[in-house]
Amino acid sequence: MRVPCPICGSRDSREFYYQGAAVMLNRPDPGAGDGAWDAYLHLRDNPEGETEELWHHSMGCGAWIKVTRNTVTHVISGAVLAREAER
Amino acid sequence: MRIDGLGLVDRNRPVAFSFDGKPRRGYAGDTVASALLAEGVRLFGRSFKYHRPRGVLTAGSEEPSALVTVSRPGPAENTKRAGAKAAGGAWTANTRATVQEIHDGLAVSSQNCWPSPSFDLLAVNDFLHPFLGAGFYYKTFMWPGSFWEKVYEPAIRRAAGLGRLPKVDDDTPREKAWAHCDLLVIGAGPAGLMAALTGARAGARVILADETPLPGGRLLSESLEVGGLPGADWAARTSSELRNLGVRIMTRTTVTGVYDGGVFGAHERVGEHLSDRPAHLPDDCFWRIVARRAVLCAGAHERLVAFPGNDRPGVMQASAVRTYLRRYGVSPGRRVVVFGNNDDAHRTARDLAAAGVEVAGFAESREGVDIPGDFPVWKGARVVATRGRLGLRSVTVRHASGTEEVPCDCLAVSGGWNPAVHLTCHMNGKPVWNESVHAFVPDPDAVPGMEAAGAALGQFSTRGALKSGAFRARRALEAMDFKVPSEAVPEAEDDGTRIAPLWFVQAGGRAWLDLQNDVTVKDVRQAAAENLQSVEHMKRWTTQGMATDQGKVSNVAALAVLADATGRPIPETGTTTFRPPYTPVPIGTLGAGGRGEGFAPLRLTTSHAWSLSRGAPMIEAGLWLRPSYFPAEGESHWRESCDREVGYVRNTVGVADVSTLGKIDVQGPDAGAFLDFVYTGMFSTLREGRVKYGLMLREDGHVMDDGTAARLGAARYLITTTTAAAGQVMTHLDFVAQCLKPGMRVRFASATEQWAQFAVAGPKAGDLIGDLIGEPPALDFMGWRPVSPGGVEGRLFRISFSGEEGYEIAVPARFGASLWAALAERAESLGGGPYGMEALNVLRIEKGFPTHAELHGRATAFDLGFGGMMSGGKDFVGRTMAAREGLVDPDRERLVGLKPVDDSGRITAGAHLFGEGERAARENDQGHVTSACHSPTLGCDIGLGFLERGPERRGERVRLVDHLRGVDTVCEVTSPVFFDADGGRMRG
Amino acid sequence: MVELVAESPGGNPPPIEIGGARADWITAETLLWLSNWDDAGASAVAEAMGVGMPGPGEVAEAPGGRLAWVGLDQALWIGAAAAAPVGVAAMDQGDAWSLVRLSGPDVPDVLARLIPVDPAEIVPGRVVRTELKHMQSILIGCPDGAVDVAVFRSMAGTLARDLEEAMSSVAARRMI
């Protein structure tokens, strides 16, 4: 499997650490309430189709990236630096 | 028998090998199958289930039947260990005789037969076949239930299985590697050669992989011309042109799998065919090929027709007969009958006759087809039976004018061709039925970036393959923006596919489909009758296609039988799923390079050599090696060494290498604010020159790691992590900086490798440091300052993991070995010395300092008694969730110390805690022990653990039980700090 | 006082030469890690080092050394002693890396056994960060097909072992 790092280009997936849903970018305020925090930490969609997720290029440039991947075809249609991703 | 004047083997290079211990001869270029067929051997082994005699069916990697065990020449010691079955070194079972090339000294033996392939005791299974049909093991061994483990399974395991494992360590040299290209061409037949040529002439980086030793594919087996040259000559000329153009031709390389994003797995046989192998030469190599585009030119497999007795040695693919004849110069029989349903089979009769081999007759299933040749032709014919116990003696042909038995020793069969669609299915693609060629062809969209060409696409004529290879390559190249010069495709045979479907023959007797798993037409019909009508159910009920060949020559015929039995058309019946690998790959090859020290990197500290010179046993801490203890003369047990080393620290001075702890240099105007956000405590207010203990939480409120942070400057901190969590913390900090706080002006990098850092601890630590740096240490507890031992810029920290007056001194790693030797020498001269991990552990347990035994991922700051360190006035990672009711419940299991009531009582890590006098059972469990040691300071065992309402129960007694080690001790619950509770010694 | 003696990373291992590849342990006077968070920092780097912060995968040649990109916003100065620019994160890493120069015609084949990245990308002026066997590594293209390889100092022994294994395998293939 190949992952397109916005910094390094197409690289083998072994260079990356996989985190999970890109929901983790949207950290609630401390006082957002139990529901918001529960959703942030524990509730995940399981889409058939496109999903957004976070990968860390741990063996490469060290960038956290937001990857758009199709869970059916495995096609990765895009990747952006997490620090520049829309939240 | 050999046919003079034919074949690409080197008749000037005879090769001596053995089969079942008997010396055999062949020529360089022969496979085991071709050499043995030349010697008249037809019986290669026995089948998996019924132990039916088995011979050679094919001439390629699709072979289901002729599986043998081969052993490579090796040291005599291996032979002894491996046992008597195969001579030589450790052996490889289930090797296809049609793929393995012979070399001098190669020892080949037959499988699944005892005592010999011609007299095999388990052949009795064949007489039991009425009881062993489809799904028999689901039905037969059901009762009584207790018999399964003790009786049925062991018996079945002994009887079943293909070949035998050597049961010795596999020390075969193997390899893994990567390759990269623009265009990967899979298969070097006419389509593949043309595709590669198109790519090379366009200037692309091309890899051409073929599983045989010689490019050419079927051109090497047929009496066909390409561009006016004999096919084999055209193939040789084209390959040499490809090499000149810089194409990387990987022979003996099977592309075994297609993976996401243009990654292909390939298995190369590197040294398996050689008798003299240089040291370090891998037997084989597993390649990961990264290709921007690929063209699949994998060709096609000729299928059998299922008729009674079609598994007898001597029954063979018609195309394989031609391959043996033309590629190897071997006729598999002296008197051959051909049976086919398509024009392609006619070539076999023609080529045999031209080579002077007797063609005993041609059974053509169709009516009204002309077959020129000087042999009997039966039209509308079917082979309905065969004879010959260990090899074919005759076939019975039924035709319009009657039935006759025809003596022969070889029957060449063609049921048509199946495109090798396998690789197009590896990413969930489903092949589609093509009525005009009566075969499944690839779904064009099955694999992004890969297209099939040639016979793999159902283009069965030579000219069709050449054109298709050029066309598909051009499309791939243009998609990559290469300028593709126009290419003339050479002239060649362009016959259409003429075939009338014939899958099975209606006649009495067992007609075989899967020759490796012994599946018959009747089995498939029975599956359908038992309502296992889905193709996937039929496959599992009958095991059709589930053997190592994945049913390459039999699956489609089995589908046709199922379609017939269920009254559905073939396309509606569908295919089963082909999965990687296309051909078997040894597990050892997939794991190549991972044995011994190849498994993981070894990280060595600068004091490593010194520790070894003192005889210290080294233990793993993450990837690091650290000294356990330093044995002194006269000590016979590690505990003696450990107790002595603990004494150094408590009474004089001990030194230890702590370089393995993670160190991260954090810089930038927002460094303080960043640390405030990742630690529970406040660090932005920490004064320069000071150090502070820090606790890092996960966002879910549990503890991730702990360590210290030293403020090096206005905008610079040095933080430490535990040895084991250094990588995790670095990833976490990257996450926080990039994902949660992207606006912060903070940057950091690991400083672990830059510094060698040593702990100096004990009442005389200050003296030692003073002597080392030439001035008093002059540091308060939790302070740091720059020092320059020997003129080298270093750092001195006043911190303690032992509870004594403690320092850690750091210098650039190049001076580590030298400083360590100086520290150890000075410590010894003061009556102390170095201490290892065992003593370090005892010292910290005595002080109740947690490590990852306690920070086990389920502990909260509250559990550890660190609730007070949760700074109230700021947000930090984990703060909100750590405040959840359940995480601050006083009833939680919380950190305590444990001390036996009787000083001789034992405490072991992993033991569980129960109320005193209660039964040691799960429902009474109140906690467990995470760390334990013998404390020489207290003179008894002590432990740290988590106990329900722990801190409220100090002074209570609990029962500690370790079922595994047989420990049952009454303990007193204490503070986790066993020694110097007010920390006076540490603060000095 | 104490007298301290410097030792090179990995303890001065001898060069490895097998077949058409050779590995020599090399030292640089200075390895200075730099990372900026704003344009002012980038300018400070350009002023101090003579070349600006390199883009991803780039190595800039400067008087006295090379400034190689080594990660997101990060560069490594390899060369003569240099003062750290102000307004950026800077850290001496001269003791943190074990540096090996790989040379010879077999370098691409040796690297093909160790890294998942195409060795053809590692040409003069280019740097790649990737996994070498199991280690984080920096690979810098050098003239004449040579490649400078850096892994953490503590793993110098593993690097030597991994290189030797790959070089032996490639050399053996040349013999058949």
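Reading the values: rules and limits
- The numbering scheme is per chain: residues are counted from 1 as the chain's sequence reads.
- Each chain takes a letter, starting from A, and each ligand takes a number, starting from 1, following the order in which they are written.
- Under the rules for a predicted model, residues below a pLDDT of 70 receive no local features and side-chain atom pairs below 80 are neither given nor counted, while totals for whole chains, interfaces and linings still include all residues.
- Calculated side-chain values reflect all of the structure's heavy atoms, with hydrogen atoms and water omitted.
- Secondary structure elements are defined from DSSP: runs of H or I of at least 4 residues count as helices, runs of E of at least 2 residues count as strands, and each element is numbered from the N terminus.
- In this description, contact between two residues means that some pair of their heavy atoms is separated by no more than 4.5 Å.
- Throughout, the Shrake-Rupley method with a 1.4 Å probe supplies accessible areas, and for residues the shown protein chains are the sole cover considered.
- Charge assignment: positive for Lys and Arg, negative for Asp and Glu; neither His nor the chain ends contribute.
- By convention, the point assigned to a charge is CZ for Arg, NZ for Lys, CD for Glu and CG for Asp.
- Throughout, buried area stands for the accessible area (probe radius 1.4 Å) lost by two parts on being put together, summed over both.
- The rule for a salt bridge is simple: a side-chain nitrogen of Lys or Arg has to be within 4 Å of a carboxyl oxygen of Asp or Glu.
- For the purposes of these results, a polar contact is taken to be a pair of N or O atoms within 3.5 Å, where, inside protein, one atom must be able to donate a hydrogen and its partner to accept one; residues adjacent in sequence count only when each atom of the pair is a side-chain atom.
- Gly is placed with the polar residues, together with every amino acid not listed as nonpolar (Ala, Val, Leu, Ile, Met, Phe, Trp, Tyr, Cys and Pro) or charged (Asp, Glu, Lys and Arg).
- The patches described consist of residues with a relative accessible area above 30% and no salt bridge, like charges being joined within 9 Å and nonpolar side chains (Val, Leu, Ile, Met, Phe, Trp, Tyr) within 5 Å.
- Two strands form a pair only when DSSP identifies at least two bridges running between them.
- Known as pLDDT, the predictor's confidence for each residue is given on a scale from 0 to 100.
- Note that the domain bounds were set by an automatic or database domain assignment.
- Two rings from Phe, Tyr or Trp (for Trp, the six-membered ring) form a pair when their centres are within 6.5 Å of each other. A pair whose planes differ by under 30 degrees is stacked, one over 60 is edge-to-face, and the rest are tilted.
- Whether a residue is buried, partly exposed or exposed follows from its accessible area with a 1.4 Å probe, protein chains only, as a fraction of its type maximum: under 20%, in between, or over 50%, in that order.

Okay, the overall build of chain A next. A count of helical and extended segments in chain A gives one helix and six strands. Going from N to C terminus, chain A has its helices and strands arranged as β-β-β-α-β-β-β. Counting only contacts in chain A whose residues sit at least 6 apart along the sequence, the fraction spanning at least 24 positions is 45%. As displayed, chain A offers around 4,200 Å² of accessible surface, 46% of which is attributable to carbon and sulfur atoms. Side-chain charges in chain A split into 9 positive and 12 negative, and the spacing between the mean points of these groups amounts to 9 Å.

It is worth spelling out the interface of chain B and chain C at this point. If you look at the interface, chain B gives 61 residues, while chain C gives 46 residues. Roughly 4,300 Å² is buried in total at the junction of chain B and chain C, and carbon and sulfur atoms are behind 56% of that figure. Taken together, the connections running from chain B to chain C amount to eight salt bridges. Inspection of the region where chain B meets chain C yields 26 residue pairs in polar contact (both at pLDDT 80 or more). Taken together, the elements giving at least two residues each to the side of chain B that touches chain C come down to β8 (174-186), β15 (284-296), β34 (662-667), β38 (747-750), α20 (765-773), β42 (806-812) and α21 (816-829) of chain B. Along the lines of polarity and charge, the residues of the side of chain B that touches chain C split into 31 nonpolar, 15 polar and 15 charged.

Let us now look at a nonpolar patch on the surface. A contiguous nonpolar patch, built from Leu122, Val124, Phe127 and Leu128 of chain B and spanning about 370 Å² of accessible area, is present on the exposed surface. Tracing the backbone through its elements, the reader meets Phe127 of chain B in helix α3 (residues 124-127).

Where strand β1 (residues 10-19) of chain B meets strand β2 (residues 22-28) of chain B, seven bridges bridge the pair, whose relative direction is antiparallel. When the bridges of β2 of chain B are listed, Ala16 of chain B appears paired with Arg25 of chain B.

So, about the confidence of the model for chain C. Of the residues in chain C, 98% have a pLDDT of 70 or more, and the chain-wide mean is 95. ipTM for the predicted complex: 0.99, alongside a pTM of 0.94.

Attention now moves to the domain arrangement of chain C. Residues and elements named next belong to chain C. Taken as a whole, chain C is organised into domain 1 (17-27 + 95-174) and domain 2 (30-92). Centre-to-centre, using C-alpha coordinates, domain 1 lies 23 Å away from domain 2. Listed by partner, the interface residues are eleven residues for domain 1 and twelve residues for domain 2. Summing the contributions of domain 1 and of domain 2, the shared interface buries around 960 Å²; its carbon and sulfur component is 61%. A per-residue breakdown of the area domain 1 buries against domain 2 is headed by Val127, Arg129 and Ile140, which together make up 43% of the total. Summed over the shared surface of domain 1 and domain 2, the number is one salt bridge.

With that out of the way, let us pick up the interface of chain A and chain B. Opposite the 24 residues of chain A that make contact, chain B presents 24 residues. Together, the buried faces of chain A and chain B total about 2,100 Å²; carbon and sulfur atoms form 61% of this surface. When residues of chain A are sorted by the area they lose upon contact with chain B, Arg2, Arg27 and Trp64 of chain A head the list and together hold 29% of the total. Counting the contacts that link chain A with chain B gives two salt bridges. We note a salt bridge from Arg27 of chain A to Glu699 of chain B, for which the minimum N-O separation is 2.5 Å. Counting every contact that joins chain A to chain B gives nine residue pairs in polar contact (both at pLDDT 80 or more). The leading source of residues in the side of chain A that touches chain B is helix α1 (residues 34-42) of chain A, at five residues. Considered class by class, the residues forming the side of chain A that touches chain B number twelve nonpolar, five polar and seven charged.

Let's shift gears to the packing of aromatic side chains. Geometrically, a pair of aromatic rings is defined through the distance of the ring centres and the angle of the planes. All names here are of chain B. All told, the structure shown has 20 aromatic pairs over all chains when counted by the stated rule. Their ring planes at 70° and their centres at 5.9 Å tell us that Tyr50 and Trp512 sit as a pair that is edge-to-face. Linking Tyr50 in the loop between β3 (45-46) and β4 (53-54) with Trp512 in strand β29 (residues 512-514), this pair joins segments that are 462 residues apart in sequence. According to the relative accessible area criterion, Tyr50 is buried, its value standing at 2%.

Residue and element names in this part refer to chain B. Of note, the bond from Pro580 into Pro581 is cis; its omega dihedral lies within 30 degrees of zero at -5°. Mapped onto the fold, Pro581 is located in the loop between α14 (570-573) and α15 (587-590). With phi around 50°, Asp20 is a residue other than glycine that occupies positive phi space. Within the secondary structure layout, Asp20 lies in the loop between β1 and β2. Positive phi values are uncommon outside glycine, yet Asn531 reaches one of about 75°. Inspection of the secondary structure puts Asn531 in the loop between α11 (521-529) and α12 (535-542).

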